[in-house]
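One-letter residues, chain by chain:
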Amino acid sequence: MGPVPMASADQLARIRPFDRLTPAHQSLIATTARDVNFPEGATIFSDGQPAVGCWLIRAGHVALGTEVPGRGQVVVQTLGPGEVLGWSWLVPPYHWHFTAVASTEVSAVEFDTARLRALADSDPALGYPLSLGFFEIVVARLQHTRSRLLDLYGSPRDR
Amino acid sequence: MTGNLPLLYKVASSHAETQDSFSLRLEPIGAALPAFEPGQFTMLYKIGVGEIAISVSGDPTTRDGSLTQTIRDVGAVSRALTATRAGDVIGVRGPYGHGWGLDQAAGHDLVIIAGGVGLAPLRPVVLGALARRHDFGRIVLIAGARTPGEFLFTEQLAAWADEPGLEVQLTVDQPATAWDGQVGFVTEPLSTLEIDVRRTIAFVCGPEPMMRFCANVLLAKGLPARSIKISLERNMQCGVGLCGHCQLGPLLICRDGPVIDYECAAQLLATREL
Amino acid sequence: MTEQAAVLSRAGLDELIAALIDDGYRVVGPTMRDNAIVLAELNSGADLPAGWGVDAAPGRYRLRRRADQAVFGHSAGPQSWKRFLHPPRQQLLTADCGVVSAPEEQDPAPYAFIGVRACDLAAVATLGTVLGGGAYPDSRFARRRRGLFVVAAGCTEPGGVCFCASMGSGPQPGPGYDLSLTEQIDDQGHRFVVDVGTEPGRRVLAKVSHRAAADAEVDEARAAVAAAEQLMGRRMPEVDIRALLAASRESPLWNQVADRCLTCGNCTMVCPTCYCTSTEDTSDLTGEHAERWEHWASCFELDYSYLHGGSVRTSGASRYRQWITHKLSTWHDQFGGSGCVGCGRCIAWCPVGIDITEETAKLAAERQEEDGPGTDGQR
C-alpha cells in the first residue's frame, strides 16, 4: 500500500454530518482526518472499550454486532459507503456498545475525535451544526430500525 | 361478469422458494393466454376453491406459452395453489393490468428495489432488461428479506451477483448466523446509493409501508415522483374492472394499476383507510 | 326522433302492455305489494298500482291512497331496475371433471320495463357505462340491455327525497327510452302523452289504440314535468361536487356520520347504480363439480376490502367515506360521470335517515369556512 494522503475538505463537503458546516470549518475538520484501510475481518473497535475515533466509510462494509451467549457474535447492523461509524465518543459514558468488524476490505476516513470534540467545545459555530449533523444521522438510523421492527415481510398467518 | 372464462393450465413443476412461497411453472393445456408485460397479473383459479390475483414472475421474453407465477401461502386459495404439484390443473385468466412500463424506461438507469415477496413482480423487469441490456444504463437491484432463508429465487440472485451488467445488493432485516452480507432495512443501501436523478427510473415493490419509505428516500435524493413506480395491491374479485373491490380513491388497481407512479400514488397512500 | 307525439288512454296503456307480452317480452313494472311499490312481472295493466302514492322522507317510506287512479303517481320504490339487468345472483361458470365452461344459456325472454323514471333511466345508462363500457364488458349485462324495451315515465310529482333535478338526471327522461309516457289525470280523463324514442317504440305504439297529440297537450305535459323541478324534496348544493369530495378526505364529518351510520348497506342495495359484486366458488364433496357464482356486494361490508389478513377499511367512517366519495366523485374518474342520479332511495331506506344531500351540504359549508370569506360573495 502506498502513502496515505490526508483527507480533503471536498470529500467532507457533501457528506453528513459535515455538510452543514462552512467550507472553513470543513477544512478545519479535515485536519483531524486521515485515510485508513482495514483488511477483511479486522476489528475496528470492541464492545466496552473507550470510544475513541469515528470513521466515514468510503468503500466496503462494516458489521456492528454483539456477543449473545448461545448465538455467538450477532450482527445487528451493517454500514456501507457514505455512512459514519462510531457515535459513542460524543455521549457519556464514552465507550463502545457494539463491536465493529470489517466484513469486507474497508477504506475509510478516520477522525481524531479528541480534537474534534475540542474544536466543537471551543467554537459553538462549528459545534452546533456538527452536532445537528450527527443528530440527523441518528434519526435516519432510528427510522430504518423502526422499519425493521414493523416486520413488514412477515406472513399474515403469523399475526 | 365477463365472458372470459379461465383457460386451463397444467402445473409443469412446483419449486419451493421459501417455507411458504412456491413458484409454479404452468403450461397451457389448450389455448394459451397472450404474452404478459412485466408488472401484469393473472387471476389464478384453484377449481372449486377460488381465484386470486398473482403478478406474473417469469421471463417476459419467453415465447413457449409457459407462465411462471410465484405464490405465497397467506389464505385459503393461495394455500391451495401452493399445495399443487406437477400434473395438477388450474385455471388462468389474464394477463391484466398496467405494468411497469419497461419499454418506456429504455435509455434510463434502472433502480429496482424489492422487499420480501415483492421480488416476484420485479423479476420480469430484471430479466426483461437483461435481455436488452444495451437499451438501459445502469441496472441496480436492491432486495431485502426478513432473514437470509426468506429470499426468493436464491439461485438466480446468486447468478445475478456475478452478472457484469447488474449491480446487486441484498440485505436482511434480522440478524442471522452464516450471513456475511448486509444487515439493515432496504432503505439503508438505498440511502447510500448514488444515482443520477435526471436519468433514473425506480421500480419499487413490497409491502406498502416499505414502498413509501423507499419512495421517501428516493425523493430526498431529488428523483421526481413520476420516475418512481410502485406496485399496489387491493382486494380483487374480478380483475377486470367490474366488481368494484380494488378501488383506491379514483383508481381501479386492476385497470389503472397495479403499477402506479408515485406522483399519483403518494397522496392516496397517505390517506388512512382509503 | 321528430316523431309526432301521441296520446294513449288508460285502456291504451293496458293494450300496450298486452302487446308487449304478445311480442314475447317479460313485462316488468310497478305493483303494489307488501306495503310498497315493488317492481315485478306484470300479467296485464291491471297489475299496476292504480291510485297509490308514496310519502318518502329520511328513513321513512309509506304508501298512501291517492284521490285519483294514477298508475305512476309514486316515486322510487325500494328496488330499482338493476335487479333485472344485473341480478343479485348469477352463475359465472361451472367446472366438471376439470372442464371449465359457461353455464347453460337458456336465452330468456327480453324484458320490457314499464314506468322507468328519469332518474332510473339515467341509472340504466350509467350501469351501461360501468358494466358495458370497459375493456372487458359484462356480456350477460350487455345482452340483457340490448334486448330491453323501455317505457319511461315523466315525473310530475317528485317524492320527498327526490333530487334528480340538481343531479341533472331528471325530471324529464333523457335518451334511452323506446316510449316515454307523461301521465295526465284531470277533467279530460286519464291519459298519457307519448313520446316516441325509437323505431321499435314506434312499431309497438302502432299496434295499440292511440291518437295524435295536440300541440297544447304536448305543451301541458312538458310543463307539468318541468314544474316538477320546483317540487323536488331536496337538492344538492350548487358546487363542484366531484372536487368537493376529492378535497374532503380528511374532513371531521366522516367521524360524525360514523356515529349514526350502521354500515348496514341498505343504501347500496336500493341504489340503482351500485354495482359491486363478489364471487363465490363452491364445489361438491368429490371435487368433480365446481361452480362460481357472483352476487351483489357492498362497500359497507367489513370484508369488502379484505387484504393480507385484515381489511383496509375497518372503521365505519372510512366505509361511509368510500361510498359517498365513489358515488359523487371518483365515479367521474373511473367512468366519466356521476354515479348518483338523485332518486333519493338511499335517504328513504337509511334506517337512521342519513341524507346524502345534507352530508354534501355540510362538506360544502366546511369547505367554505376553510377557504375563508370572499370566496362566495356572500360576506
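If you're wondering where the values come from, they're calculated on a predicted model, not measured in any experiment.

## Thoughts on the overall build of chain A
Move 1: The secondary structure content of chain A amounts to 4 helices and 8 strands.
Move 2: Listed N to C, the secondary structure of chain A is α-α-β-β-β-β-β-β-β-β-α-α in terms of helices and strands.
Move 3: Considered along the principal axes of its C-alpha atoms, chain A spans approximately 55 × 35 × 30 Å.
Move 4: Sorting the 159 residues of chain A into buried and exposed places 31% on the buried side.
Move 5: Considering only contacts within chain A whose residues lie at least 6 apart along the sequence, 73% involve residues at least 24 apart.

## Observations concerning the interface of chain B and chain A
Move 1: Each side of the interface is counted separately: chain B has 24 residues, and chain A has 25 residues.
Move 2: Mapped onto the side of chain B that touches chain A, the elements with two or more residues apiece are strand E10 (182–183), helix H4 (187–192) and helix H5 (208–220) of chain B.
Move 3: At 5 residues, the largest contribution of residues to the side of chain B that touches chain A is made by H4(B).
Move 4: Taken together, the residues that form the side of chain B that touches chain A break down as 10 nonpolar, 8 polar and 6 charged.

## Observations concerning the domain arrangement of chain C
Residue and element names in this part refer to chain C.
Move 1: Considered domain by domain, chain C is made up of domain 1 (6–231) and domain 2 (241–371).
Move 2: When each unit is reduced to the centre of its C-alpha atoms, the spacing between domain 1 and domain 2 is 26 Å.
Move 3: With 39 residues of domain 1 in contact, the opposing surface of domain 2 contributes 34 residues.
Move 4: Elements with a minimum of two residues in the side of domain 1 that touches domain 2: strand E5 (60–65), strand E6 (89–96), helix H3 (118–132) and helix H5 (164–167).
Move 5: If one sorts the elements of the side of domain 1 that touches domain 2 by residue count, H3 sits on top with 9 residues.
Move 6: Looking at the side of domain 1 that touches domain 2 residue by residue, the class counts come to 22 nonpolar, 12 polar and 5 charged.

## Some words on the interface of chain C and chain B
Note on interface size: it is often stated as the accessible area lost on association of the parts.
Move 1: Taken residue by residue, the interface counts 42 residues in chain C and 33 residues in chain B.
Move 2: Residue assignment for the side of chain C that touches chain B shows that the elements contributing at least two residues are E6, helix H4 (139–146), strand E13 (277–283), strand E14 (289–296), strand E15 (306–307) and helix H11 (316–335) of chain C.
Move 3: At 6 residues, the largest contribution of residues to the side of chain C that touches chain B is made by E13(C).
Move 4: Split into classes, the residues belonging to the side of chain C that touches chain B amount to 16 nonpolar, 19 polar and 7 charged.

## Quick look at the sheet that holds strand E4 (residues 62–68) of chain A
Residue and element names in this part refer to chain A.
Move 1: The 4 strands lie next to each other as E2-E7-E4-E5, forming an open sheet whose pairing is antiparallel. Strands at the two margins of the open sheet, each flanked by one partner only, are strand E2 (43–45) and strand E5 (72–79). Averaged over all neighbouring strand pairs, the angle between strand axes comes to 35°, with direction disregarded.
Move 2: For E2 and strand E7 (residues 99–102), the ladder comprises 2 bridges, and the chain directions are antiparallel. Counterpart to Phe-45 in the pairing with E7 is Ala-100.

## So, the pairing of strand E1 (residues 7–16) of chain B
Residue and element names in this part refer to chain B.
Move 1: Relative to strand E6 (residues 89–96), E1 runs antiparallel, the two sharing 4 bridges. Bridging across to E6, Leu-7 finds its partner in Val-92.
Move 2: Taken together, the 7 bridges between E1 and strand E2 (residues 21–28) define a ladder with antiparallel strand orientation. By the bridge assignment for E2, Ser-13 is matched with Arg-25.
Move 3: Counted between consecutive antiparallel strands, the loop separating E1 from E2 contains 4 residues.

## Looking at unusual backbone geometry
Move 1: Cis geometry marks the peptide bond from B:Gly94 to B:Pro95; its omega dihedral reads -5°.
Move 2: By the element assignment, B:Pro95 lies in strand E6.
Move 3: Put simply, C:Gly170 and C:Pro171 share a cis peptide bond, and its omega is 0°.
Move 4: Of note, A:Tyr94 is a non-glycine position whose phi angle comes to about 60°, a positive value.
Move 5: Inspection of the secondary structure puts A:Tyr94 in the loop between strand E6 (84–85) and E7.
Move 6: The exposure class assigned to A:Tyr94 is partly exposed, which follows from the 13 C-beta atoms found within 10 Å.
Move 7: Its identity is not glycine, yet B:Ala178 carries a phi of approximately 55°, on the positive side.

## A short note on the nonpolar core
Move 1: With 215 residues, the main nonpolar core has A:Val62, B:Ile112, B:Ile113, B:Phe203, B:Val204, B:Cys214 and C:Val194 as its most contacted residues.
Move 2: Here this core gets 9 residues from one element, more than from any other, and that element is H3(C).
Move 3: With sequence-adjacent residues up to four places away left out, B:Ile113 is seen in contact with B:Ile142, B:Val186, B:Leu190, B:Ala202, B:Val204 and B:Cys214.

Rules used throughout
Every chain is numbered on its own, with residues counted from 1 as its sequence reads. Chain A is the first chain written and ligand 1 is the first ligand written, with later ones labelled in order. Local features in this predicted model are restricted to residues of pLDDT 70 or higher, and side-chain atom pairs are both shown and tallied only at a pLDDT of 80 or more, whereas totals for entire chains, interfaces and linings draw on every residue. Helix and strand definitions here come from DSSP, where helices need a minimum of 4 consecutive H or I residues and strands a minimum of 2 consecutive E residues; each element is numbered from the N-terminal end. For the exposure call, what matters is how many other C-beta atoms sit within 10 Å of a residue's own: 20 or more marks it buried, 12 or fewer exposed, and in between partly exposed, using C-beta atoms placed from the backbone. We call two residues in contact whenever the C-beta atoms placed from their backbones are within 7 Å. In this classification, Asp, Glu, Lys and Arg are treated as charged, Ala, Val, Leu, Ile, Met, Phe, Trp, Tyr, Cys and Pro as nonpolar, and every other residue, Gly included, as polar. Domain borders in the structure are assigned automatically or taken from a domain database. Pairing between strands is defined by DSSP: at least two bridges between the two strands are required. Comment: axis = line fitted to C-alpha atoms, over the contacting stretch for helices; angle = value between 0 and 180 degrees taken between N-to-C directions. Any nonpolar core is a set of buried residues, restricted to Ala, Val, Leu, Ile, Met, Phe, Trp, Tyr and Cys, that join up through C-beta atoms within 7 Å.

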